[in-house]
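For reference, the chains in residue letters:
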Amino acid sequence: MSVGHTAVTTPGPAVWCDDGVDCGIRDLLNRLGDRWSVLAVVELAQGVRRFRELQRALPGISQRMLTLTVRRLERDGLVSRTVHPTVPPQVEYELTPLGHSLTHLVRAMVDWSYSHHDAIVTSRREWDEANPGSEIR
């Protein structure tokens with residue numbers, strides 16, 4: 001076995017703190033791995049967006065899901081929300097410096113997904129054909 005392979009398969013938690021407790025890292029990784037959060041960060045990396053602009057840029061996201069997503073990102077300190085005192089109020093979202101520090105990682109994931117999309121689709125099709133009736137999809 002290669003050293004890299006051994007390091008990956010060594011028993012024990014993949015993410016932990018000094019005392020072996022999760023310490024919130026998994027919660028954050030779940031947030032950053034969430035489909036809408038990743039797409040929102042990618043879109044906001046392009047610049048400030050109003051709510052409706054952001055919603056149009058993320059086809060398929062409901063108003064409620066977008067609201068929850070940007071609130072969670074704001075709570076984590078990745079997005080800032082600015083309300084302009086107009087009638088009706090205009091709300092703008094932008095990445096904070098912390099959010100911008102994440103963009104190169106998210107962009108790398110998006111680029112990897114784009115580059116490997118065809119291979120993954122082919123693999124899924126072959127797997128589905130070899131495993132008819134499987135619950136995994």
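Located above this text is the structure these notes cover.
1. Brief notes about the side chain of Thr69
Piece 1. Position of Thr69 relative to the elements: it lies in helix H5 (residues 63-75).
Piece 2. If near-sequence neighbours (up to four positions away) are discounted, Thr69 is found in contact with Trp36, Ser37, Ala40 and Ile61.

2. Observations concerning the sheet that holds strand S2 (residues 79-84)
Piece 1. The sheet built from 3 strands is open, its strands ordered S1-S3-S2 with antiparallel pairing. The open sheet has two free edges, formed respectively by strand S1 (49-50) and S2, since each of these has just one partner strand.
Piece 2. Most of the contacts of helix H3 (residues 35-44) go to strand S3 (residues 90-95), to which it runs at about 95°, and overall it touches S1, S2 and S3.

3. Description of the pattern of salt bridges
Piece 1. Evaluated as defined, the whole model comprises 2 salt bridges.
Piece 2. With its nearest N and O atoms 2.7 Å apart, the salt bridge here joins Glu43 to Arg49.
Piece 3. Arg107 is paired through a salt bridge with Asp111; the nearest N and O atoms lie 3.2 Å apart. Separated by 4 residues within a single helix, Arg107 and Asp111 lie in helix H6 (residues 97-130), roughly one turn from each other.

4. Thoughts on the nonpolar core
Piece 1. Of all hydrophobic cores here, the largest spans 20 residues; its most connected members are Leu58, Leu66 and Tyr93.
Piece 2. Elements supplying a minimum of two residues to this core: H3, helix H4 (51-57), H5, S3 and H6.
Piece 3. Excluding anything up to four places from it in sequence, Leu58 contacts Trp36, Leu39, Ala40 and Leu66.

5. Some words on the packing of aromatic side chains
Piece 1. Applying the stated criterion across every chain yields a total of 1 aromatic pair.
Piece 2. Taking 6.4 Å as the distance between ring centres and 55° as the angle between the ring planes, the aromatic pair formed by Phe51 and Tyr93 counts as tilted. Taken together, the positions of Phe51 in helix H4 and Tyr93 in strand S3 put the pair 42 residues apart, joining distant regions of the chain. By the burial criterion, Phe51 is buried, and Tyr93 matches it.

6. Focus on the side chain of Arg49
Piece 1. By the element assignment, Arg49 lies in strand S1.
Piece 2. On the basis of relative accessible area, Arg49 is assigned to the buried category, the value being 18%.
Piece 3. Those residues in contact with Arg49 that lie beyond four places of it in its chain are Glu43, Leu44, Leu54, Val91, Glu92 and Tyr93.

7. Looking at the environment of Gly47
Piece 1. Relative to the helices and strands, Gly47 is located in the loop between H3 and S1.
Piece 2. The spacing of Gly47 and Tyr93 is 46 residues in sequence and 8.7 Å in space, taken between C-alpha atoms.

How each quantity is defined
- Residues numbered from 1 in each chain as written.
- Predicted model: local features only at pLDDT ≥ 70, side-chain atom pairs only at ≥ 80, totals over all residues.
- Heavy atoms only, no water.
- Helix = DSSP H or I, 4+ residues; strand = E, 2+ residues; numbered from the N terminus.
- Contact = heavy atoms within 4.5 Å.
- Pairing = 2+ DSSP bridges.
- Axes fitted to C-alpha atoms, helices over the stretch in contact; angles between N-to-C directions.
- Salt bridge = Lys/Arg side-chain N within 4 Å of Asp/Glu carboxyl O.
- Core = buried A, V, L, I, M, F, W, Y, C linked by side-chain atoms within 4.5 Å.
- Buried < 20%, exposed > 50% of the residue type's maximum accessible area, 1.4 Å probe, protein only.
- Phe/Tyr/Trp six-rings, centres within 6.5 Å; stacked < 30°, edge-to-face > 60°.

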